[in-house]
Amino acid sequence: MNNIEISLKQKTWNIVAPENFNEVSGDQYLKMAHRLLALSRGSATIFSDIAEILNIKPSVWNQLSVAQRYTVRELVAWMDDPENHPTARQLIDSVTIDGCKLVGCQSSFGNTTWEEFIYADQFLISGRFKECAAVLYRPIRDPYTGETDIRIPFTKYGTDRRLPLFSKLDETTLFAIILNYRMMRRVSIEERYKNVFPSYMSGNDSETQEPADSNSGNFSWVNVHRTLLGENYFNENQYLQLNVHTVLHRMNEVIESNKNMKNGK
């Protein structure tokens, strides 16, 4: 955290400013997401929303010189560039829509199954963001004993049932959920399993998958899943319940081994 001391007319205020997305509160993150949406539309203010994010009172902020405001803004300039400042942290633990509390996955996809990942990620790739959120945010188990994932188990039928709720979610919160997902995906998955994503997501390895350019609409996690199952299709349900990291780690190892064999190592 950065500590900012503002002195005006013999009064001093101490402001605490986060240095990255790992240090923001949920409320701050939503305000940052709102600013990013405004920036994308060219409607963001230069300074005033910075004051709101950092909880600086207007009566204080309005007395600062342009140079002082610029100095404060520079301390949090990273928030306008999330692609280069990603985080593995879950920043929106839960949302409540029409009185229904829906809890998201853990940081780094710690409690995310292979099945829910391939559904959520396919929706993300397809630009179906409400569906992606409906996969990952689910009601609390009743009763919840603390011995399992706090969320009810994932099913595609439950996702369809929750979709009308997510159609009521405000634009900023939905954007914040998807942005957080992208940042967690970058840090926790793409950067960790580098052998998997160049081959499956860019379509550069014709021996492992059909052309799989994620931007072309041709990529299918379901096809990847079926290829992985091979003759073990009778164990599909068990396979789907594995943690996403278990599956991707194994995929990463296999691809690395195949590369080494090709190179004669």
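Residues numbered from 1 in each chain as written. Predicted model: local features only at pLDDT ≥ 70, side-chain atom pairs only at ≥ 80, totals over all residues. Heavy atoms only, no water.

Sorry if this is basic, but what is going on with helix 10 (residues 221-229) here?
One turn of the α-helix equals 3.6 residues, which is why residues spaced by three or four share an orientation. Within the span of helix 10, buried status applies to Trp 221, Val 224, His 225 and Leu 229. Projection of helix 10 onto a plane perpendicular to its axis shows the buried side chains occupying an angular sector of 135°, all on one side. Measuring from the backbone nitrogen of Val 222 back to the side-chain oxygen at the start of helix 10 gives 3.3 Å, which picks out Ser 220 as the cap. (Buried < 20%, exposed > 50% of the residue type's maximum accessible area, 1.4 Å probe, protein only. Helix = DSSP H or I, 4+ residues; strand = E, 2+ residues; numbered from the N terminus. Arc of directions from axis to C-beta. Polar contact = N/O pair within 3.5 Å; in protein donor to acceptor, adjacent residues only side chain to side chain.)

Could you clarify how one ought to interpret the confidence of the model for the protein chain in this entry?
Atomic detail in the predicted coordinates should be set aside for any region of low pLDDT. The share of residues in the protein chain with pLDDT of 70 or more is 91%, and the mean pLDDT across the chain is 89. Taken as a whole, residues 202-216 scores under 50 in pLDDT and shows 28 contacts with residues more than four places along the chain or in a different chain. (pLDDT = per-residue confidence, 0-100. Contact = heavy atoms within 4.5 Å.)

How should I be thinking about the nonpolar core in this particular structure?
Looking at soluble globular proteins, one finds that nonpolar side chains tend to be buried together. With 68 residues, the main nonpolar core has Tyr 29, Leu 54, Trp 114, Trp 221 and Leu 248 as its most contacted residues. Examining the composition of this core, we find that nine residues originate from one element, helix 8 (residues 171-190), more than from any other. (Core = buried A, V, L, I, M, F, W, Y, C linked by side-chain atoms within 4.5 Å.)

For this particular structure, what's the right way to read the pattern of salt bridges?
Working definition: two side chains of opposite charge can pair if their charged atoms are close together. Summed over the entire model, instances satisfying the criterion amount to 16 salt bridges. Salt-bridge contacts for Arg 151 lead to Glu 116; the nearest nitrogen and oxygen are separated by 3.1 Å. Taken as a pair, Arg 151 in the loop between strand 5 (138-139) and helix 7 (156-166) and Glu 116 in helix 5 (residues 114-126) lie far apart in primary sequence, 35 residues in all. When its relative accessible area of 1% is taken as the criterion, Glu 116 is described as buried. One salt-bridge network, held together by shared partners, links Arg 35, Asp 49, Arg 73, Glu 74 and Asp 80. (Salt bridge = Lys/Arg side-chain N within 4 Å of Asp/Glu carboxyl O.)

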